[in-house]
Amino acid sequence: METTEAVGAPGSSLHGMTGKEPAYAFSVDSKTQLDTNATFDLPVDSEHKATKFKLFSLANPHMRTFHLAWSSFFTCFVSTFAAAPLVPIIRDDLNLKKADIGNAGVASVSGAIFSRLVMGAVCDMLGPRFGCAFLMMLAAPTVFCMSLVSNAAGYITMRFLIGFSLATFVSCQYWMSTMFNSKIIGLVNGTAAGWGNMGGGATQLIMPLVYDLIRKAGATPFVAWRIAYFVPGCLHIIMGILVLTLGQDLPDGNLKSLQKQGNVNKDKFSKVLWYALTNYRTWIFVLLYGYCMGVELTTDNVIAEYFYDRFDLNLRTAGTIAACFGMANIVARPLGGLLSDKGAQYWGMRARLWNIWILQTLGGAFCLWLGRANSLPVSVVAMVLFSICAQAACGAIFGVIPFISRRSLGVISGMTGAGGNFGSGLTQLLFFTSSRYDTAEGLTLMGIMIMACTVPITLVHFPQWGSMFLPPSKDEKRSTEEHYYGSEWNEEERSQGLHGASLKFAENSRSERGKRNVASAPTPPGNTPEHV
Amino acid sequence: MTWVESAPASQDASWRTLEDNDMLQSGFGPGLSWGSNYLPLGDSKEDEGLQHPILEMKAKEIGCILIFFSLVMLVFKLEKEEEKGKNTSHSYFSFTNLNQLKGFESKPSFMAGLRLSKTTIALLLLIVCHVGPSMAVLFSQLPKTLIVTATTKSGDVLHAGEDKFTVTWALNTSLPAGADANYKTVKVLLCYAPVSQHDRKWRKSNNDLKKDKTCQFTAVKQDYSATGKHEYTVARDIPTASYFVRAYALDASDTKVAFGQTTDANKTSNIFDIVGITGRTTGIFVSAIVFSAFSGVALAFFYVVENKKKK
């Protein structure tokens, strides 16, 4: 029995993960019912969601939506981190101290913690298209006003306000889930997130380039950086208008059905939140994501200035090197997910956990090396390796998140995302704001902190699958997936049969036992696990 | 949009150009003429700490020179081998052994390798000669032979782009004659006072002049004469901060050999302030308002149209 998911129910944007298929499948298997009467460019299922992911097509509505969603998320990253490569100019114009620069960096990532939570509700009320467009168009004035700041307080405030626009992550993922079948949603969301994050790298290229062009046209430095800020602002407006004119909420373009179902939440939000908060694994993953996505955001903020000062490069060169950090997202994040899936095929959940630990610890080690490197080539190599490992760890973490909980998946994903921003704010506050450490020391300490904060993953234990070091529980009842996912519902709810979707998910997640153990898993009658 | 007039070209010191950076970034010192720079200044036996140039070289430079010489020896050895007609069993070319074992034609590859190594050596020669003499000029060892004064007084506030002041420099007359024998140019710079360097590591003073970031703006650079003065209009791109004035005497290869400054050794006296131009032009102000308004209006327009269509 398939419980129909209400569009807009809490966490519905990520209920595509069934636990059975690899998280990054390119197309669905042939068992899915296809609607052959529909006249879309891509094959679609009964809800008219696409079942295939054709990357280089702009066909309406599915792929066009994909490209609109990821590019608006990309634009928000560009504007949030646009100041970072220009800091060497801005700090002289506004007479900033190191503390001001650090605080602005913290502010730029903190705003998103709150705005992402609000964005979920906005998407429920207005739909993802309007949610995205509203945010883009309302954030545009904040980007333009950045050109008008004249002191440290103004600078910090504007960076905080621009940071709100990072909530387009939520609208992007939500929008994807209305357009793509649940079996390929993992790959689609992962690609969209990775390409959006790439904006943090692209901005380090774009802004110094624009600044240089404006300087060549005759402006003084302090005028040029302000004019350069009009570029991300205009991008906001352009993307907002494109989303409004070319985008549509659902494959059929029908807003009405969305609004009919939108406010009917089939599950109680308070319960969903409770099960998210009381699951200790949630908090461990929040910490972990804070030290892979968080350090990525932190590095986006500090790396260009670091190269400019330490190695006496000019703005363009420093920006180009810094861009290599963020641009690695184009492949690194999906790579992390793919490694996670491959490992899970053979060794189940244990492989996924080890994968995260290895990638993130290596990332920390490379970050430490980056801080200690004294020559430019070594520094660049360390930075590139650090970026690949940290971003792959991000992708790998989202390969495990769907298995922590079925009922509270959306809330847990949201909390994890917020944890990323929180980790970034905390790290910048600790190591990059005070004058006690210079940036090189800050990077070294950040590397050590990454390695230390990755250790808690050894504590994550699933009774049905085990943990990094421990085997699954010996208890016959507790070692089933059904028991784990069913335990999120109390007796009353179970007697009403509300936990049906969780049970289905549990069946499908048996693949997390790995190749060797799947055969020994207790199978309910009439159901053969896929990977045997 | 109205532009502020661009600063005169000579004031570009703070916004580093590509050419400057290539030199700074690679840490390369002056070229082949490394020997002549570090001879003691004339008869001056002032114990300013001028040490013998060879002893002053750091391990890095010594290492480069050793590598260079060993490469040269290697080349000579290879040439000898070639002449003797040997093309096997040398530890440098174990790959040739392997190739022979595998039955490959080793002689041509050896010859090609040798030809290649000659060109590489020639290139390395150029590079190493360039690299070798990167000896650090330390500020603590520069003699303070110039007396520099400026018409600014302690606590003065000057406005960038508008106000002027005159800086005068003169060689200390109590020095023996010929002390300024190798001074070829004088460079006068605006330097940050300690209060403007506080909490700002990118303006930090460093004894190694290559790494020193205290003085980032050039007021004037001209040929050396025992006395000189210059009226300087504060450039438009000087940021808001507290400053003093320092003059360096440079020799023929543009290396700093002496200095003088308007302030004392602790950089506390005669500090003046400059108020910079923020760059908030009217054009930018108006454009920002217009674009922001457009954004809000466009959003409202589309929302209303959309709602009307639905009905």
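Nothing here was measured: the structure is a model prediction, and the numbers come from that model.

**With respect to the state of the cysteines**
So, point 1. Per the stated rule, a full pass over the model turns up 1 disulfide over all chains.
So, point 2. Between the sulfur atoms of Cys191(B) and its disulfide partner Cys215(B) the distance amounts to 2.1 Å. Looking down the S-S bond of the Cys191(B) and Cys215(B) bridge, the torsion is 100 degrees, so its handedness is right-handed. With a gap of 24 residues between them, Cys191(B) in strand β4 (residues 185-192) and Cys215(B) in strand β5 (residues 215-223) connect regions that are remote in the sequence.
So, point 3. Exposure remark for Cys191(B): the relative accessible area of 0% places this residue in the buried category.
So, point 4. Judged by relative accessible area, Cys215(B) falls into the buried class, the value being 15%.
So, point 5. Between Cys172(A), a free cysteine, and Cys132(A), which holds the nearest cysteine sulfur, the sulfur-to-sulfur gap is 7.7 Å.
So, point 6. The thiol of Cys367(A) is not disulfide-bonded; the next cysteine sulfur, from Cys389(A), is found 11 Å away.

**Quick word on the packing of aromatic side chains**
So, point 1. According to the stated counting rule, one finds 36 aromatic pairs over all chains in the structure shown.
So, point 2. Taken together, a centroid distance of 5.9 Å and an interplanar angle of 85 degrees make the contact between Phe403(A) and Trp465(A) edge-to-face. Within this pair, whereas Phe403(A) is found in helix α18 (residues 376-404), its partner Trp465(A) is found in the loop between α20 (439-454) and α21 (481-486), the two being separated by 62 residues in sequence.
So, point 3. The class of Phe403(A) is buried, set by a relative accessible area of 4%.
So, point 4. Residue classification places Trp465(A) among the buried residues on the basis of a relative accessible area of 6%.
So, point 5. Site record: aromatic cluster; members linked through ring pairs are Phe403(A), Phe462(A), Trp465(A), Tyr484(A) and Tyr485(A).
So, point 6. Of note, Arg203(B) hangs over the ring of Tyr192(B), and the distance from its end group to the ring centre comes to 4.1 Å.

**Overview of the sheet that holds strand β1 (residues 146-150) of chain B**
Residue and element names in this part refer to chain B.
So, point 1. Taken in spatial order, the 3 strands line up as β1-β3-β6 in an open sheet, and their pairing is antiparallel. Only two strands of the sheet have a single neighbouring strand rather than two, namely β1 and β6 (227-233). Averaged over all neighbouring strand pairs, the angle between strand axes comes to 15 degrees, with direction disregarded.

**Things to note about the UniProt feature "transmembrane region" (unreviewed entry) in chain B**
So, point 1. Mapped onto this numbering, the UniProt entry annotates "transmembrane region" (unreviewed entry) at residues 284-305 of chain B.
So, point 2. For residues 284-305 of chain B, the end-to-end C-alpha separation is 31 Å, with 100% helix and 0% strand making up the annotated structure.

**Description of the packing of helix α7 (residues 185-197) of chain A against helix α8 (residues 199-216) of chain A**
Residue and element names in this part refer to chain A.
So, point 1. In contact at an axis separation of 5 Å, α7 and α8 are set at 25 degrees when each is read in the N-to-C sense. It follows from the interaxial angle that α7 and α8 lie roughly parallel. Every residue of α8 that contacts α7 at Trp195, Gly196 and Asn197 is listed here: Gly199, Gly200 and Gly201.
So, point 2. The residue makeup of the contact of α7 with α8, split by class, is 1 nonpolar, 5 polar and no charged.

**Focus: the nonpolar core**
Soluble globular proteins tend to pack their nonpolar side chains together in the buried interior.
So, point 1. Membership of the largest hydrophobic core comes to 69 residues, with the highest contact counts inside it found for Met146(A), Tyr155(A), Trp225(A), Tyr229(A), Phe307(A), Phe386(A) and Met446(A).
So, point 2. Here this core gets 7 residues from one element, more than from any other, and that element is helix α14 (residues 293-310) of chain A.

**Quick look at the interface of chain B and chain A**
So, point 1. The partner chain A presents 54 residues to the 45 residues of chain B that form the contact.
So, point 2. A combined buried area of about 4,500 Å² lies between chain B and chain A, and 64% of that area is made up of carbon and sulfur atoms.
So, point 3. Where chain B packs against chain A, one counts 3 salt bridges.
So, point 4. Ionic pairing is found between Arg129(A) and Glu306(B), a salt bridge with its closest N-O pair at 2.9 Å.

**Here we look at the pattern of salt bridges**
Two side chains bearing opposite charge may form a pair once their charged atoms approach each other closely.
Residue and element names in this part refer to chain A.
So, point 1. Scanning the entire structure with this criterion turns up 12 salt bridges over all chains.
So, point 2. Among the ionic pairs, Arg91 bridges to Glu305, the shortest N-O distance being 2.8 Å. Of this pair, Arg91 sits in helix α2 (residues 87-93) while Glu305 sits in helix α14, placing them 214 residues apart in sequence.
So, point 3. Residue classification places Arg91 among the buried residues on the basis of a relative accessible area of 3%.
So, point 4. Among the ionic pairs, Glu481 bridges to Arg513, the shortest N-O distance being 2.8 Å. Here Arg513 lies in the loop between α23 (500-508) and α24 (514-518) and Glu481 lies in helix α21, a separation of 32 residues in the sequence.
So, point 5. The network of salt bridges with shared partners includes Arg91, Glu305 and Asp309.

Conventions we followed
- Residues numbered from 1 in each chain as written.
- Chains lettered and ligands numbered in written order.
- Predicted model: local features only at pLDDT ≥ 70, side-chain atom pairs only at ≥ 80, totals over all residues.
- Heavy atoms only, no water.
- Disulfide = S-S within 2.5 Å.
- Helix = DSSP H or I, 4+ residues; strand = E, 2+ residues; numbered from the N terminus.
- Buried < 20%, exposed > 50% of the residue type's maximum accessible area, 1.4 Å probe, protein only.
- Phe/Tyr/Trp six-rings, centres within 6.5 Å; stacked < 30°, edge-to-face > 60°.
- Lys NZ or Arg CZ within 6 Å of the ring centre and 35° of its normal.
- Pairing = 2+ DSSP bridges.
- Axes fitted to C-alpha atoms, helices over the stretch in contact; angles between N-to-C directions.
- UniProt positions renumbered as here; feature names shortened; annotations may be inferred.
- Parallel < 35°, antiparallel > 145°, perpendicular 65-115°, else oblique.
- Contact = heavy atoms within 4.5 Å.
- Nonpolar A, V, L, I, M, F, W, Y, C, P; charged D, E, K, R; others polar.
- Core = buried A, V, L, I, M, F, W, Y, C linked by side-chain atoms within 4.5 Å.
- Buried area = accessible area lost by both parts, 1.4 Å probe.
- Salt bridge = Lys/Arg side-chain N within 4 Å of Asp/Glu carboxyl O.

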